[in-house]
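The lines below spell out each chain.
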Amino acid sequence: MELLDVYDSAGNKTGKTIVRGDKTTKLEEHEHIAVGVIFIENSKGEFLMQKTSKEKGGEFSSTGGHITHNETPMSSIKREVEEELGINIDNEEIKELGFINYDMPLRFIFYIKKDIN
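Residues numbered from 1 in each chain as written. Predicted model: local features only at pLDDT ≥ 70, side-chain atom pairs only at ≥ 80, totals over all residues. Heavy atoms only, no water.

Caption draft 1: Fine view of the sheet that holds strand β7 (residues 63-66). As summarised here, the arrangement of the four strands in space is β7-β4-β9-β8, forming an open sheet in which the pairing is mixed. The sheet is open, and its two edges are formed by β7 and β8 (95-100), each paired on a single side. Here the strands of the sheet are splayed against their neighbours by 20 degrees on average, with no regard to which way each runs. Sheet topology places strand β4 (residues 34-41) next to strand β9 (residues 106-113); eight bridges connect them, and they run parallel. Bridged to Ala34 within β9 is Leu106. (Pairing = 2+ DSSP bridges. Helix = DSSP H or I, 4+ residues; strand = E, 2+ residues; numbered from the N terminus. Axes fitted to C-alpha atoms, helices over the stretch in contact; angles between N-to-C directions.)

Caption draft 2: Seen up close, the environment of Ser9. Along the chain, the position of Ser9 falls in the loop between β1 (3-8) and β2 (13-19). Put simply, Ser9 and Ile100 are 91 residues apart on the chain and 9.5 Å apart in space, counted from C-alpha to C-alpha. A distance of 3.1 Å separates a polar atom in the side chain of Ser9 from a polar atom in the side chain of His32. (Polar contact = N/O pair within 3.5 Å; in protein donor to acceptor, adjacent residues only side chain to side chain.)

Caption draft 3: Main features of the pattern of salt bridges. In the structure shown here, the tally under the stated rule is eight salt bridges. Its salt-bridge partner being Glu71, residue Arg79 comes within 2.7 Å of it at the nearest N-O pair. For Arg79, a relative accessible area of 22% translates into the label partly exposed. Put simply, Glu71, Arg79, Glu80 and Glu83 are held in one network by salt bridges that share partners. (Salt bridge = Lys/Arg side-chain N within 4 Å of Asp/Glu carboxyl O. Buried < 20%, exposed > 50% of the residue type's maximum accessible area, 1.4 Å probe, protein only.)

Caption draft 4: Representation of helix α1 (residues 73-85) within the structure. Along its 13 residues, α1 runs 18 Å from first to last C-alpha, staying within 8% of the 18 Å computed at 1.5 Å per residue. Among the residues of α1, Pro73, Met74, Ser76, Ile77, Glu80 and Val81 are the ones counted as buried. Across the axial projection of α1, the buried residues extend over an arc of 160 degrees, all falling on one side. Buried residues belonging to α1 abut β4, β7, β8 and β9. Directly beyond the C-terminal end of α1, a positive phi value near 70 degrees is found at Gly86. (Expected span 1.5 Å × (residues − 1). Arc of directions from axis to C-beta. Contact = heavy atoms within 4.5 Å.)

Structure (structure tokens):
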């Protein structure tokens, strides 16, 4: 069972949690779960894309995922990059660009310029 923190429309944790995937839990209009998304650019100006699993449509996407209970957006994006790409990144390398409050979920956006094989 994975818990997710609930955020308000200003990107602040509300203190409320929900179980990921529980379709019986309904959030209010001003409540959101959150994901972290990172855009990775190399020195040639190319962006790293990954192919999602068949269960998630098999499409190309940037790297990211849900911010779990008691995680910060920064720690979640570091975890997702490690899990999905097998790459360790340092806080000092990452630029936090803010968040997008567009529908559901909130999207915390990060950027890194790094050459990756």
